[in-house]
Each structure stands twice: as C-alpha cells, then as structure tokens.
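Each chain, letter by letter, is given below.
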Amino acid sequence: MRKGTYICILTAVFAAVLFCVPVLGAEGLDPCELFSQSDAEALFKEPVSPGVLRDSVTPAGKSCRYSFKKNGSVFGISVRVCTTAEIAAEGIYASAEDVFVRQVSARTSHEEASKTFQEVGVPGGEAFWSGTDLWVLKGDVLFLVTVHAPLEGVFKDMDEMDTALEKKDLDMSRHAAGVILGRLQ
C-alpha cells in the first residue's frame, strides 16, 4: 500500500511540474504567462479581457492579446513570442537572432522603413522600435510587443497627436518588455 501511495504522489508531482510550470528552454513559451492579464491591467490601469492565445507564423510562435473598450474604441496589448526551435521548424529563418538581424537590416536599408526605425535600450536584451511595435531579442527568444493605448489631450494638429501616441505606445511597450525579460531570466 505504501509503495502505491508513493508512486501516486511521485506521479502527481511530476505531472504538476510538467504541466503547470513554464519551462523557459522549451520549444514554445506561453506569452499569456510571460505577460499576464494582471500585468496588462496594471499597465493600462483598466480591466482587460482574458488573454486570447493564438499560434503565429513568420516567424513561428504564439501571441497573446488583451483588450478593453474605452470611449467607444478598443485598446490593448499583443505579445508575440517566438523561440529559435519554433522558428527553425517553420523553415523560413534559422533562428530568433536570424529574424531579428534580418529585420534590422531590412528596416535600416529601406528609405521609408528607416524613418520609423529606432534602436531602443532594454535591460537584458537587444531591441528596436518599428514605429508600431517593439522587437526584442534575448538569446533564443524573440518577442514583439504591440500596444494600442488610449491618448487624451488636446493637440495642435494630427502630427503632434501621432507623435504623442507613438511615444506613449513605445513607453508602454518598453515597460511590458521589462516584465517579460524579467520572467525570461
């Protein structure tokens, strides 16, 4: 009887570790765990929807989206996480670093894309801002953060408003990237 109980307990512990604890070296990471619903609510200071998890392609990985409505519009954050294993299995790029390097090259060599490209410092990773999303590379993990935040205020023209909105989205994206990088340690 004791041997059977010991085996049941050992099996339960193994299952809990296998299915409940995210393994950072695993093929796929869950972006909804790397940036949770409570993280999104703290970022926006608003209640947000539960995360919507989806598979993504080119580069392969998974994305998680949190959203909320305010003043008749929808706002939120999307976090896309791609590992070298997922990217290589897709067969288009060799690794997370390969995707990142090619994106930097394409965006800095193209006249229009280079206007919105900005190298961004994030502790613990390499990053750039594309004008709409933050691309971050840490080892074998590439993740993209896209924020669509509400913006309040009065602006003299659309250019001033667009600049203010991009700055806010970048600042919030950098904050989210810091949370994610802390969990990838």
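Each remark here, short or long, concerns the structure printed above.
1. Some points on the environment of V122
- Among the secondary structure elements, V122 is positioned in strand β4 (residues 118-122).
- For the pair V122 and L181, spaced 59 residues apart in sequence, the C-alpha separation works out to 8.8 Å.
- Residues in contact with V122, not counting those within four places in the same chain, are A127, V136 and L181.

2. Quick word on the sheet that holds strand β3 (residues 73-83)
- Taken in spatial order, the seven strands make up an open sheet running β1-β2-β3-β7-β6-β5-β4, and their pairing is antiparallel. Edge positions in the open sheet fall to β1 (52-56) and β4, since each of these has one partner strand only. The mean inter-strand angle of the sheet, taken between neighbouring strand axes irrespective of direction, is 20°.
- Inspection of the sheet shows β1 paired to strand β2 (residues 61-70) by five bridges, in the antiparallel sense. What sits directly across from S56, in β2, is G61.
- Docked against the sheet, helix α7 (residues 158-183) engages β3, β4, β5 (125-129), β6 (134-138) and β7 (141-148), running at close to 140° with respect to β7.

Cut-offs and rules
Residues numbered from 1 in each chain as written. Predicted model: local features only at pLDDT ≥ 70, side-chain atom pairs only at ≥ 80, totals over all residues. Heavy atoms only, no water. Helix = DSSP H or I, 4+ residues; strand = E, 2+ residues; numbered from the N terminus. Contact = heavy atoms within 4.5 Å. Pairing = 2+ DSSP bridges. Axes fitted to C-alpha atoms, helices over the stretch in contact; angles between N-to-C directions.

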